[in-house]
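Okay, here's what each chain looks like letter by letter:
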Amino acid sequence: MLSSPRTPDTGTTTARRRIPVSVQAPDPISREGAVSQLRGRPEIEFREDPSAAPGTVALLIEDTLDEAALARLRRISRGEGTCAVLVVGTIRETELLDVIECGVGAIVWRREATAHRLVQAVLAASRGDGDLPADLLGRLISQVGTLHRGAAGRPGAPSLGLAPREVDVLRLVAEGLDTGEIASKLSYSERTVKNVMHGLTTRLHLRNRAHAVAYALREGYI
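Residues numbered from 1 in each chain as written. Predicted model: local features only at pLDDT ≥ 70, side-chain atom pairs only at ≥ 80, totals over all residues. Heavy atoms only, no water.

### Details of the pairing of strand β4 (residues 83-88)
Here β4 lies mainly inside the structure; six of its six residues are buried. Here β4 shows no split at all, with C83, V85 and V87 on one side and A84, L86 and V88 on the other all buried. Where strand β3 (residues 57-62) and β4 come together, six bridges link them in parallel fashion. Directly across from V57, in β4, lies its bridge partner C83. Where β4 and strand β5 (residues 104-109) come together, five bridges link them in parallel fashion. The partner of V85 across the bridge, within β5, is A106. Following the chain from β4 across helix α4 (residues 93-101) to the adjacent parallel β5, one finds a crossover that is right-handed. (Buried < 20%, exposed > 50% of the residue type's maximum accessible area, 1.4 Å probe, protein only. Helix = DSSP H or I, 4+ residues; strand = E, 2+ residues; numbered from the N terminus. Pairing = 2+ DSSP bridges. Right-handed = clockwise from strand over helix to strand, strands pointing away.)

Below you can see the structure in the form of structure tokens.
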């Protein structure tokens, strides 16, 4: 799901299990602030190393995204089974696609980083869902649309293509529907929806749902 923040469903299996989280920050005050926000939450289990266990969520805190910060994001995204949540003060238009393509599916503004909001983003990232602030989602769609219009008409532009049902699923992901809602809309089982997403992200070497939506927008499918 790629959407603006929603209240987490605490009745789900994801909410009941403990999610390993590694907090990464450029200074000890920022790190301890995030840890204190999440300490005692039953959903969270802290890990020092983001690659220590499959399914670990790396919570990366940055003021701005300079080259060093992007390098840290790329290094985290290369970890097997690791997903990332970015807590950031500001982000420029030109950096947004870079962040998505690094494998970040959940972004939280530092000014909105309450304990509730951080847990919400961690849960979304652990499910492989997207969780972007509404203003960033609009900027992402606008930016990818601009890139697509600029590429229109260029001969020989490579495209691996999407099947019609992949387009149907991604269109609903972009509208903010979760797996169950997509299955209901398309009269599929939830397993079928998950298989469609897994198949296209694997085939196209995409990091997560947010990256898949960005790809579909850039290629003009949605």
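### Thoughts on the pattern of salt bridges
Counted under the stated rule, the structure contains eight salt bridges. A salt bridge links D131 to R117, with the nearest nitrogen and oxygen atoms 3.1 Å apart. One end of the pair, D131, is in the loop between α5 (115-127) and α6 (134-151); the other, R117, is in helix α5, with 14 residues separating them in the sequence. Judged by its relative accessible area of 4%, D131 is buried. (Salt bridge = Lys/Arg side-chain N within 4 Å of Asp/Glu carboxyl O.)

### With respect to the sheet that holds strand β2 (residues 44-46)
Pairing in this open sheet of five strands is parallel, and the strands run β2-β1-β3-β4-β5 from one edge to the other. Strands with a single pairing partner mark the edges of an open sheet, and in this sheet they are β2 and β5. Averaged over all neighbouring strand pairs, the angle between strand axes comes to 30°, with direction disregarded. Packing of α5 onto the sheet brings it into contact with β1 (19-24), β2, β3, β4 and β5, and relative to β4 it is tilted by some 150°. (Axes fitted to C-alpha atoms, helices over the stretch in contact; angles between N-to-C directions. Contact = heavy atoms within 4.5 Å.)

Read these as geometric descriptors, not functional statements.
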